[in-house]
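Chain by chain, the residues run as shown.
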Amino acid sequence: MARSDVGSAISSTRRDAPTAPADVHPSSPIPVQGPAVGESVRVPLGETGFAIFPLILGGAEFGWNVDLESSHEIMDAYVERGGNALHTADSFAGGRSEHIIGQWLHSRGLRDEITLAVRVGGHPDNPGLGPVNLVRAVEASLTRLRTDRVDVLYLDATDGHADLEDALATAEWLVESGKARAIGAVGLTATQLVEARIFASAGYPRITVLDVPFNVLRRHEFDADLRLVAGAQGMAVTPSHPLEHGFLAGRHRTKLRGGLSVRGAQIAASMNRRGSRTLRALDAVGTELGVPDAAVAVAWLLAQKLIAAPIVNAYAAHHVEELVQGVGVQLSRVQLADIARASE
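Reference entry: report on the structure contained in this document. (Residues numbered from 1 in each chain as written. Predicted model: local features only at pLDDT ≥ 70, side-chain atom pairs only at ≥ 80, totals over all residues. Heavy atoms only, no water.)

Remarks on the sheet that holds strand S8 (residues 207–211)
Going by this rule: Strand pairing follows a simple DSSP-based rule, namely that at least 2 bridges must link the two strands. Where helices and strands are cited, they refer to DSSP runs of H or I of at least four residues and of E of at least two residues respectively, numbered from the N terminus. Note on contacts: a residue pair qualifies if any of its non-hydrogen atoms lie within 4.5 Å across the two residues. With axes taken as lines fitted to C-alpha atoms, and helix axes fitted only over the stretch in contact, angles between N-to-C directions fall between 0 and 180 degrees.
With respect to topology, eight strands assemble into an open sheet ordered S9-S8-S7-S6-S5-S4-S3-S10, the strand pairing being parallel. This sheet does not close on itself; its edge strands, each paired only once, are strand S9 (236–237) and strand S10 (311–312). Relative to strand S6 (residues 150–156), strand S5 (residues 115–120) runs parallel, the two sharing four bridges. When the bridges of S6 are listed, Val120 appears paired with Leu155. Lying on the sheet, helix H4 (residues 131–145) is in contact with strand S4 (85–89), S5 and S6; it crosses S5 at an angle near 140°.

Written as structure tokens, this is what we have:
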């Protein structure tokens, strides 16, 4: 199946799974049955050994802007379309995100089918990546998630104070004890990645996955040096903030009056001439291809070198359908160039 056909197929397959009540009229459409088309769409997550859907569902909004029931509906919608990778952090909603995901994994019986990625180092009870706090943070996350292991453990070094050797030595113990299967990182510089590879040559676990805040409006954080080192080390890059806090979905075009929420302030920061030009470019491509702006933003990321799977957050189940369509969209060089020019 051509990639251009995958998006529409994914968005519809199993959406009408056979859950209709017994009194459905005989003339009603027959529900689509069988596995989702998206279950056959997999990419290697670097050297971790995992094969995942090229879109990771993030849990940053779970327990904060999205309640438990809606969070479960979002995860159900994602899996129904072939998704198999979830990302959360011990700091998301003070750990409530992990609780919600843990309840969902347990109730659905899907732990072995899901690649579970967890970022640690930001919870106030166990801050940083010091040996004691790192072990305690992982143990606390495992308890909240109701599981015995994390598939990809992201070490959060965004505060800039982590002792990399100590963190990797502790990660080695976590891997050997079976509590973590692969190591990722967020917040490391190109120099630190080189340093980490030197430690790996001495026997410490390799960092094989890198989270970088990256989207069409936010390209500076994934700079040339970081790209060069990540590429040379064969890392899988899983960019966070692919929609720039929701702005690139195109739903918010004018600034709201009065006091703004945290999310409102984040979106308002992109409401300028550059942001407006970028949205118009996404609009044009989306109209041409028949997909929403969010799908175009995802497709733009997937067209970039080194990108394995963006980490996307959703506020409602129908948002998942919009985002997943981006997996089936292949942008032309002209379309990529038009978006790049608009976002300069």
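Here we look at the packing of aromatic side chains
Cut-off, in case you're wondering: Within 6.5 Å between ring centres, the rings of Phe, Tyr and Trp (the latter by its six-membered ring) count as paired, and their orientation is classed by plane angle as stacked under 30 degrees, edge-to-face over 60, tilted in between. Each residue is assigned to one of three classes by its accessible area relative to the maximum for its type, calculated with a 1.4 Å probe on protein chains only: buried under 20%, partly exposed between the two thresholds, exposed over 50%.
Across all of its chains, the model carries four aromatic pairs by this definition. Here the aromatic rings of Phe53 and Tyr78 are separated by 6.2 Å at their centres, their planes lie at 80°, and the arrangement is edge-to-face. Note that Phe53 is positioned in the loop between strand S2 (51–52) and strand S3 (56–58) and Tyr78 in helix H2 (residues 68–80), a separation of 25 residues in sequence. Taking the relative accessible area as the measure of exposure, Phe53 reaches 0% and is therefore buried. Note on Phe214 and Phe222: the rings are 5.3 Å apart at their centroids and 70° apart in plane angle, and the pair reads as edge-to-face. Residues Phe214 and Phe222 agree in their burial class; the two are buried. Each residue in the set Phe214, Phe222 and Trp300 is aromatic and connected to the rest through ring pairs, giving one cluster.

A word on the pairing of S8
We apply this condition: By the criterion used throughout, a crossover qualifies as right-handed when its path from the first strand across the helix to the second strand runs clockwise, the strands pointing away from the viewer.
For S8, the tally of buried residues reaches five of five residues, placing the bulk of the element in the interior. Where strand S7 (residues 180–186) lies against S8, four bridges are found, and the strand directions are parallel. If you follow Val186 over to S8, its bridge partner there is Asp211. Assessed by its sense of winding, the connection that carries the chain from S7 through helix H6 (residues 190–201) to S8 is right-handed. The pairing of S8 with S9 spans two bridges and is parallel. Bridge assignment links Leu210 to a residue of S9, and that residue is Val237.

Notes on the nonpolar core
The line we're drawing: Here the nonpolar core consists of buried residues drawn from Ala, Val, Leu, Ile, Met, Phe, Trp, Tyr and Cys, with membership extended through side-chain atoms lying within 4.5 Å.
Core analysis: the biggest nonpolar cluster contains 102 residues, and Leu86, Leu153 and Ile339 have the highest contact counts within it. Top contributing element to this core by residue count: helix H10 (residues 293–302), with nine residues. Here Ile339 is in contact with Val216, Ala281, Leu282, Val285, Val296, Trp300 and Leu331, once residues within four sequence places are set aside.

Some points on a positive patch on the surface
Keep this limit in mind: What goes into a patch is any residue over 30% in relative accessible area without a salt bridge, connected to like charges within 9 Å or, for nonpolar side chains (Val, Leu, Ile, Met, Phe, Trp, Tyr), within 5 Å. Here the open area of atoms and residues is found with the Shrake-Rupley method and a 1.4 Å probe, where only the protein chains shown may cover a residue. A pair is scored as a salt bridge if a Lys or Arg side-chain nitrogen falls within 4 Å of a carboxyl oxygen belonging to Asp or Glu. Think of it this way: Lys and Arg go in the positive column, Asp and Glu in the negative one, and His and the chain ends go nowhere. We put the charge of a Lys on NZ, of an Arg on CZ, of an Asp on CG and of a Glu on CD.
A surface patch of positive charge is lined by Arg273, Arg274, Arg277 and Arg280. Here Arg274 lies in helix H9 (residues 273–289).

Section: empty space enclosed by the protein
Threshold: A cavity here means a set of 1 Å grid points, computed over protein atoms only, where a 1.4 Å probe fits but cannot escape. A pocket is an open set with protein on both sides within 12 Å along at least 5 of 7 lines, and lining residues have an atom within 4 Å of a point. Grid points are joined across faces, edges and corners, and a volume is the space filled by probe spheres set on the points. Lys, Arg, Asp and Glu make up the charged group, whereas Ala, Val, Leu, Ile, Met, Phe, Trp, Tyr, Cys and Pro make up the nonpolar group; the residues left over, Gly among them, are polar.
Per the counting criterion, the structure on display carries two cavities of 30 Å³ or more. Leu129, Leu155, Ala157, Ala162, Leu164, Ala167, Ala185, Leu188, Gln192 and Ile207 are the residues that line the largest cavity. Grouping the constituent residues of the lining of the largest cavity by class yields nine nonpolar, one polar and no charged. Quantified by volume, the second largest cavity comes out at close to 40 Å³.

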